[in-house]
Each structure stands twice: as structure tokens, then as C-alpha cells.
Amino acid sequence: MSAGVTVRVPAKVNVQLAVGGARPDGYHDLANVFLAVGLYDEVTVTPADSLTISCTGADADQVPLDRGNLAARAAELLAARHGIEPNVHIHIAKDIPVAGGMAGGSADGAGALLACDTLWGLESPQSALLDICAELGSDVPFSLVGGAALGTGRGERLTVLPVGGDFHWVFAVAYGGLSTPAVYREFDRLNADVAVPAPVASSQLLEALRTGDTSALAGSLVNDLQPAALSLRPSLADTLAAGTAAGALAALVSGSGPTTAFLAKDADAAAGIAEALLASGSCRTARATGAPARGATVIQYSGAVS
Ligand code: ATP
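Note on numbering: residues in each chain are counted from 1, in written sequence order. Side-chain atom pairs in this predicted model are given and counted only at pLDDT of 80 or more, local residue features only at pLDDT of at least 70, and totals for whole chains, interfaces and linings cover all residues. Computation of side-chain values: all heavy atoms of the structure, hydrogens and water removed.

Caption draft 1: Structural detail: the domain arrangement of the protein. These domain limits were set by an automatic method or by a database of domain assignments. Here the protein is partitioned into domain 1 (5–161) and domain 2 (167–291). On the domain 2 side, the residues contacting the 31 residues of domain 1 number 38 residues. The quantity reported as buried area is the accessible area (1.4 Å probe) lost by two parts once they are put together, taken as the sum for both. Both faces considered, domain 1 and domain 2 share a buried interface measuring about 2,600 Å² in area, 63% of it formed by carbon and sulfur atoms. Among the residues domain 1 hides against domain 2, the three largest losses belong to V15, L17 and V19. Together they make up 21% of the total. One speaks of a salt bridge when a side-chain nitrogen belonging to Lys or Arg is within 4 Å of a carboxyl oxygen belonging to Asp or Glu. Between domain 1 and domain 2 we count 2 salt bridges in total. Among the salt bridges present, the one from D59 reaches R284, with a minimum N-O distance of 3.1 Å. Two residues qualify as a contact provided that any one of their heavy atoms is within 4.5 Å of a heavy atom in the partner residue.

Given below as C-alpha cells:
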């Protein structure tokens, strides 16, 4: 048996995404409340002669298999810090929609990082892994920790948040993706003549998470990128309306979209909303799942046998 490590890593939804005006460096300050949800990619690393990547899953053809893949960059950064060669094969079993606003690439970056750290026996402290995650991208640190967290700065400075119960969600996957930078550019265009306030986390929303109160959470969901995503993809309004008509307590665009997210009162309601969304023809697929989900987790580790 050859050595291999598999890490399971969740998608996220932003239950609050408060976006400030564009900074001089082009980034935006955020108050970004992440919630990890039960859609997962699995990242497996095995020793190889050089760094290679493969990917399977419905969206696999849209995933770069070169060094631009965040999973490859994670392996390279970790190896460089330890003065070793990143000689691994990385296989991504992809179930998170690509370019869907659910941080699928970030999930693979965090997954590959933990998998390589485990395979190479580095036992890095979480703080060291989080540093590399922040270097890889704003959403990557959260993929490592999971659960719920408030991200400030570009979203990468995390404070873990308590969650007092389970929430039931449906995600409607759109036809095609949306580029996150394009959505931010549209946000800037739409707000060109507006004094955009500094982003602040909603205390009502944090309390709803802490107490596990679904109705209160439904009443406080907010995504400042939603007008920009709807401007670039007006048909998302039909998907939001279809889920609301099917009984969702709240509906919003997930992150930069175009995935849309629906909060349901319980698992049965979520199954019904998913069915209605599929029947509406306004999305490619609809998935019911729970939250919060665990962050990147080693689910299989086979040591080399000589
Ligand atoms: P976010 O929610 O973090 O803004 P997203 O979910 O909208 O991201 P991703 O699925 O992360 O989008 O993919 C965005 C782009 O990143 C893809 O179009 C692809 O070119 C690139 N990419 C790099 N690595 C990966 C990866 N491992 N999986 C998917 N896409 C990747």
C-alpha cells in the first residue's frame, strides 16, 4: 500500500457580506460572516515524482490542472517553507460548484495544505497553516477552520463564532459561473457616486447564530454583493423568487454568486424547496444540506508500507 492522505473540506455561504468602498490597493474591507455548509470536496495527496493534479466531478472540466490551481499553490508554499520539493499527486474529487461563490477553490487550497502537512509529517501548528492560507487567498483560512467565523480586513482575519444549533439550507447551482473580480468591479460601478459605509458585523445576526435561531437568522441575512451579481446575471432574480415561493424563510446570493442560497425551517422544508427549485427550471441543480460543517478534516491516512 502506498502512502496517501485524504482531506474533506466544506463549501461556505456568507450569511453576512458587508462590503466597504474600494481601497487604494483595489481590495475592499469586509465584514464577512462565513458559515461552512455540508457540500464538500475531497483532496487526496500521494507521493509522486513531481507536482501533478487531477480532478473528477461534474464541474471538473472547469478546474485548472496547472500551477494556477490553489491546491498546487498550497503544496508549493508549504514545501518552500520547509525546504522540500512539493512532489505529490493531488487528486480533487469536486462536489462544490466551480466559480459559484461557495469558495470551492479556496476549499481545495486549504484541503491540500492540511493533506500535505499530514503526508510530510510536518505537524505544523494551526497558526502556521493559517498564515499560508491567508497568503493563498481571502477565503482560504475559513475553509481550514470551518464552523462559523467573522472575517475582517479582506476577510482573511478570522474570529471564530459560536453556533448554537443546526441550520437547513438549499443551494441552487446556476448555469455557468461568475468571476469574483468582475462582481466586485460591478459593485464599484454601482456605488461610484455613493459614500459606502465602513462594513460592520450585524449584532442581530451574530446573536441568531449563537442561539441557533433560524427565524432570526432569516431576518438578518445580508449580502452587499447581491445587487452587483443580479446586475450581471438578472435571471438570478427568478431563482430567488422560485425558492421564496416554495417556502424559503430567506433567499440570497451566495458570496459573489451565481449560486443562490435558501434558508429553510427544517430538513423536510429544505427537501421541498430543492424539489421546487429543480422543477422551476431556473437552476442547473439544487442541493439541500445542513450547517455548520467542520473545517478541513483528515478522513483517510494510509502510511507507506515497504
Ligand atoms: P469564492 O467564493 O472564493 O469567490 P468561487 O466559489 O466563486 O470563489 P471557485 O470555484 O473558487 O470560485 O473558482 C474560481 C476560479 O478559481 C475558477 O474559475 C478557477 O479558474 C480557479 N481555481 C483555482 N483553483 C481551483 C480549484 N482547486 N477549484 C476550482 N477552481 C479553481
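Caption draft 2: Structural view of the environment of R287. Segments assigned H or I by DSSP are reported as helices when at least four residues long, segments assigned E as strands when at least two residues long, and all are numbered from the N terminus. With respect to the helices and strands, R287 occurs in strand β11 (residues 285–291). Taking C-alpha positions, R287 is 5.2 Å from F171, a pair spaced 116 residues apart along the chain. In this view, R287 contacts L39, D95, W169, V170 and F171; residues no more than four positions away in its chain are not counted. Definition of a polar contact: a pair of N or O atoms within 3.5 Å, with one able to donate and the other able to accept a hydrogen when the atoms are protein atoms, and with sequence-neighbouring residues admitted only if both atoms are side-chain atoms. Of note is the side chain of R287, whose polar atom sits 2.7 Å from the side chain of D95.

Caption draft 3: Fine view of the site of the ligand. The rule for a residue being near a molecule or strand is that one of its heavy atoms must lie within 4 Å of it. In the region of the ligand, 22 residues are neighbours, and A99, G101, G105, D139 and T180 sit closest. Between the ligand and N69, the relevant distance is 2.9 Å, taken from a nitrogen atom to a side-chain nitrogen or oxygen of the residue. Within the contact set of the ligand, an oxygen atom lies 2.8 Å away from a side-chain nitrogen or oxygen of T180. Calculation on the ligand without its partners gives an accessible area of 620 Å², and the protein chains cover 77% of this total. A cavity here means a set of points on a 1 Å grid, drawn over the protein atoms and nothing else, where a 1.4 Å probe fits but cannot get out; a pocket is an open set with protein on both sides within 12 Å along at least five of seven lines, and a residue lines either one if it has an atom within 4 Å of a point. Whether a molecule lies in a cavity or pocket depends on its atoms, and more than half of them have to be within 2 Å of the grid points. When atoms are counted within 2 Å of each cavity's grid points, the one that captures over half of the ligand is the largest pocket. Considering each element in turn, the shell around the ligand owes the most residues, 4 residues, to helix α2 (residues 104–119). When residues are grouped by polarity, Ala, Val, Leu, Ile, Met, Phe, Trp, Tyr, Cys and Pro land in nonpolar, Asp, Glu, Lys and Arg in charged, and all others, Gly among them, in polar. Residue classes in the shell around the ligand are distributed as 9 nonpolar, 9 polar and 4 charged. Note on areas: these come from Shrake-Rupley sampling with a 1.4 Å probe, and a residue is covered only by the protein chains present in the view.

Caption draft 4: Inspection of the pairing of strand β1 (residues 4–22) at higher detail. Think of it in three bands: residues with accessible area under 20% of the maximum for their type are buried, residues over 50% are exposed, and the middle band is partly exposed, with areas taken using a 1.4 Å probe on protein chains only. Taking burial as the measure, the 19 residues of β1 include 16 buried ones, the bulk of the element. For two strands to count as paired, DSSP must find a minimum of two bridges between them. Alignment of β1 against strand β12 (residues 297–302), held across 5 bridges, turns out to be antiparallel. Bridge pairing links V5 to Y301 in β12. The sheet contact formed by β1 and strand β2 (residues 28–47) spans 15 bridges and is antiparallel. Across the sheet, V7 pairs through a bridge with V43, a residue of β2. The turn linking β1 back onto β2 is made up of 5 residues, and G26 within it adopts a positive phi angle of 90°. For β1 and strand β8 (residues 222–223), the ladder comprises 2 bridges, and the chain directions are parallel. If you follow L17 over to β8, its bridge partner there is N223.

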